[in-house]
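# Coordinate analysis (summary)
In case you want the letters, here they are:
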Amino acid sequence: MIEFVRIKDELIEIEKAIQGVIKRGWFILGEEVENFEREFAHYLGVKYAVSVNSGSDALYLAVKALGIGPGDEVITVAHTFISTVDAITRNGATPVFVDIEPDTYCIDVTQIEEKITDRTKAIIPVHLYGHPADMDPIMEIAKRYNLYVIEDACQAHGAEYKGKKVGSVGHLGCFSFYPVKNLGAYGDGGMVVTNNEELAERIKMLRNYGQKKKYFHEFIGINSRLDEIQAAVLRVKLKYLDEWNNKRREIATLYNRALKRLNVVTPVERDYAKHVYHLYVIRHENRDKLQRYLLERGIQTQIHYPVPVHKQKAYLERHLQIKLTVTERICGEIVSLPIYPWINLEDVRVVIDTINSFLSQTKV
Ligand SMILES: *Cc1c(COP(=O)(O)O)cnc(C)c1O
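Cut-offs and rules
Residues numbered from 1 in each chain as written. Predicted model: local features only at pLDDT ≥ 70, side-chain atom pairs only at ≥ 80, totals over all residues. Heavy atoms only, no water. Helix = DSSP H or I, 4+ residues; strand = E, 2+ residues; numbered from the N terminus. Polar contact = N/O pair within 3.5 Å; in protein donor to acceptor, adjacent residues only side chain to side chain. Contact = heavy atoms within 4.5 Å. Near = heavy atom within 4 Å. Areas by Shrake-Rupley, 256 points an atom, 1.4 Å probe, with all protein chains shown as cover. Nonpolar A, V, L, I, M, F, W, Y, C, P; charged D, E, K, R; others polar. Expected span 1.5 Å × (residues − 1). Buried < 20%, exposed > 50% of the residue type's maximum accessible area, 1.4 Å probe, protein only. Arc of directions from axis to C-beta. Core = buried A, V, L, I, M, F, W, Y, C linked by side-chain atoms within 4.5 Å. Phe/Tyr/Trp six-rings, centres within 6.5 Å; stacked < 30°, edge-to-face > 60°. Lys NZ or Arg CZ within 6 Å of the ring centre and 35° of its normal. Pairing = 2+ DSSP bridges.

This paragraph deals with the side chain of Glu333. Within the secondary structure layout, Glu333 lies in the loop between helix 11 (325-330) and strand 14 (334-337). Within the structure, Glu333 has its side chain in polar contact with the side chain of Arg283 (distance 3.2 Å). Discounting chain neighbours no more than four positions away, the residues touching Glu333 are Ile282, Arg283, His284, Glu285 and Arg287.

Have a look at this one:
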C-alpha cells in the first residue's frame with residue numbers, strides 16, 4: 001500500500017525533548033513555549049508569535065482580536081478547510097465568499113472589490129495546498145478600504161510571497177501544527193503571528209482566560225494554549241522544516257515533469273511564489289474513476305475538499321443563492337496524490353506509472 005501520508009521524524013531528538021519537559025514538570029506556558037514562539041517568529045521574520053491550541057483557534061482568535069463580530073462581514077473563499085470560515089461565524093460575523101483562480105486554487109483577487117460593503121471588516125486569503133495567494137493586490141485593496149488581512153497559512157509553513165514568508169505579509173498570520181501539516185506536532189497546536197504589539201498582547205490574553213495577571217480577567221477569553229510538550233516537539237522539527245519543504249518540492253518536480261507529459265492538469269507555481277506542496281493536487285474529469293483505479297492498485301489518495309463550504313449542510317441555508325463557478329467545478333475534478341518528505345521515490349514512480357496506465361485505458 002502506498003499511503004497518502006505518513007509521519008516519520010527525528011525520533012531520538014524529539015524523545016529527548018519530551019523527556020526534558022517531563023523532568024522539569026512544567027506543562028503549560030513555560031520556557032519551551034516561549035522559546036518556540038521566539039524561534040518561529042524569527043523563522044518568519046515577524047516581531048510576535050503567540051501559540052494557541054490549534055489552527056482553528058488561531059483563526060478564531062485573530063478575528064476576535066480585531067473586534068469583528070455580529071453585523072460585520074469578512075471576505076474569504078469557500079474552497080478551503082471549514083475552519084477558515086468557522087472562525088468568522090463563531091465570532092457572529094458573516095462570511096462573504098469570493099471565487100478562486102482555477103490554477104493556484106487561491107482567492108481570485110480581481111473579484112474581491114465587488115464584494116466589499118460598508119460592513120466589510122477583513123479579508124482572509126488562504127494559502128491553499130502550500131501555494132501563496134497573491135498578497136500585494138490584497139494588501140492594496142485592504143489599505144484602500146481600511147480592512148484587515150488575516151492570512152490562513154495553515155497549509156503553508158515556509159512558503160514565500162516575493163521572498164517573504166507567508167503569514168508575515170498581512171496584519172495577522174495563522175498557522176496550524178496538526179500532525180500532518182508541513183510543521184506538525186504530536187497533537188493539536190497553532191500560532192498567530194503579527195508585527196502589531198497590541199494585537200499580539202490581546203491574543204495572548206484571549207488564549208489565557210482574558211487575563212494578564214493570574215486571576216484578574218480584563219475580558220472574556222478562552223483556554224487555548226500550546227502545551228510545553230508540543231512546543232518542545234515543534235522546536236526540534238522547526239530545524240528541519242526547510243529541508244523537508246525542499247524534499248516536498250523535489251517530489252513535486254518529479255510528479256510535474258511526468259504528469260505534464262501525460263496532459264494531466266498539474267499545480268502551478270507563480271513567479272511571485274515559493275510553493276511548499278503541503279498537498280500535491282491534480283485535476284481530471286474522471287476523478288472518481290481515477291481515484292478508484294489507484295486505490296485498487298494500492299495507492300491512497302484524498303480529496304481536498306469534496307464539498308465547498310457554502311454547499312456544506314452547516315452553511316447551506318445561509319448561502320443558497322451564491323454561485324462560485326470555479327470553486328464548484330473543480331471540486332469534482334481535484335485529487336491529492338501522496339506527498340511527504342520521506343516518500344519513497346519508487347513509490348512516486350509507481351503512482352506516475354499507474355496514472356499513465358489509467359489514462360491510456362480511458363483513451364480508448
Ligand atoms: C488545518 C487547517 C486549518 C485548521 O487547523 P487545525 O489545527 O486543524 O485546527 C485551518 N485552515 C486550513 C486551510 C487548514 O488546512
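After that view, the rundown keeps rolling.
As a further point, take the site of the ligand. Around the ligand, the structure places 15 residues, and the nearest of them are Gly55, Ser56, Gln155, Ser176 and Lys181. At 2.5 Å from an oxygen atom of the ligand is found a side-chain nitrogen or oxygen belonging to Ser56. Against a free-state accessible area of 380 Å², the protein chains account for coverage of 93% of the ligand. Broken down by element, the shell around the ligand gets its largest block of residues, 3 residues, from helix 3 (residues 55-65). Residue composition of the shell around the ligand, grouped by class: 4 nonpolar, 9 polar and 2 charged.

Further remarks concern the side chain of Ser51. Mapping Ser51 onto the fold places it in strand 1 (residues 48-52). Sequence-distant contacts of Ser51, defined by excluding residues within four places in its chain, comprise Val33, Glu37, Gly190, Met191, Arg207, Ser224 and Leu226.

Right, let's talk about helix 1 (residues 11-24) for a bit. Here helix 1 is 14 residues long and its end C-alpha atoms lie 20 Å apart, about the 20 Å a rise of 1.5 Å per residue gives. When helix 1 is considered as a whole, its buried residues turn out to be Ile14, Ala17, Ile18 and Val21. All buried residues of helix 1 project into a common sector of 95 degrees when viewed along the axis, lining one side. Those residues of helix 1 that are exposed and aimed more than 90 degrees away from the buried face are Ile12, Lys16 and Lys23. Here the buried face of helix 1 lies against helix 2 (31-44) and helix 7 (228-238). At the C-terminal side of helix 1, Gly25 shows a positive phi close to 70 degrees.

The biggest cluster of nonpolar side chains holds 58 residues, and the ones touching the most others in it are Phe36, Phe40, Ile107, Ile112, Ile138 and Phe177. Taken together, the elements giving at least two residues each to this core come down to helix 2, strand 2 (73-77), strand 3 (94-98), helix 5 (135-145), strand 9 (190-194), helix 7 and helix 11. In terms of residues, this core owes the most to one element, helix 2, which gives 6 residues. In contact with Phe40, other than residues within four places in its own chain, are Phe175, Phe177, Leu183, Met191, Val193 and Leu238. Core analysis: the second largest hydrophobic core is formed by 35 residues, Val236, Leu294, Val351 and Ile352 among them.

As a further point, take the packing of aromatic side chains. On inspection of all chains with the given rule, the structure shows 12 aromatic pairs. Taken together, a centroid distance of 5.5 Å and an interplanar angle of 85 degrees make the contact between Phe40 and Phe177 edge-to-face. Of this pair, Phe40 sits in helix 2 while Phe177 is found in the loop between strand 8 (172-176) and strand 9, placing the two residues 137 residues apart along the sequence. Judged by relative accessible area, which is 0%, Phe40 ranks as buried. Grouped by ring-pair contacts, the aromatic residues Phe36, Phe40, Phe175 and Phe177 constitute a single cluster. The ring of Tyr60 has Arg90 sitting right over it, with the charged end atom 4.1 Å from the ring centre.

One open sheet accounts for 3 strands, arranged 7-6-12; its pairing is antiparallel. Bordering the open sheet on either side are strand 7 (164-165) and strand 12 (273-274), each of which pairs with just one other strand. Examined bridge by bridge, strand 6 (residues 160-161) and strand 7 share 2 bridges and lie antiparallel to one another. By the bridge assignment, Glu160 is partnered in strand 7 with Lys165.

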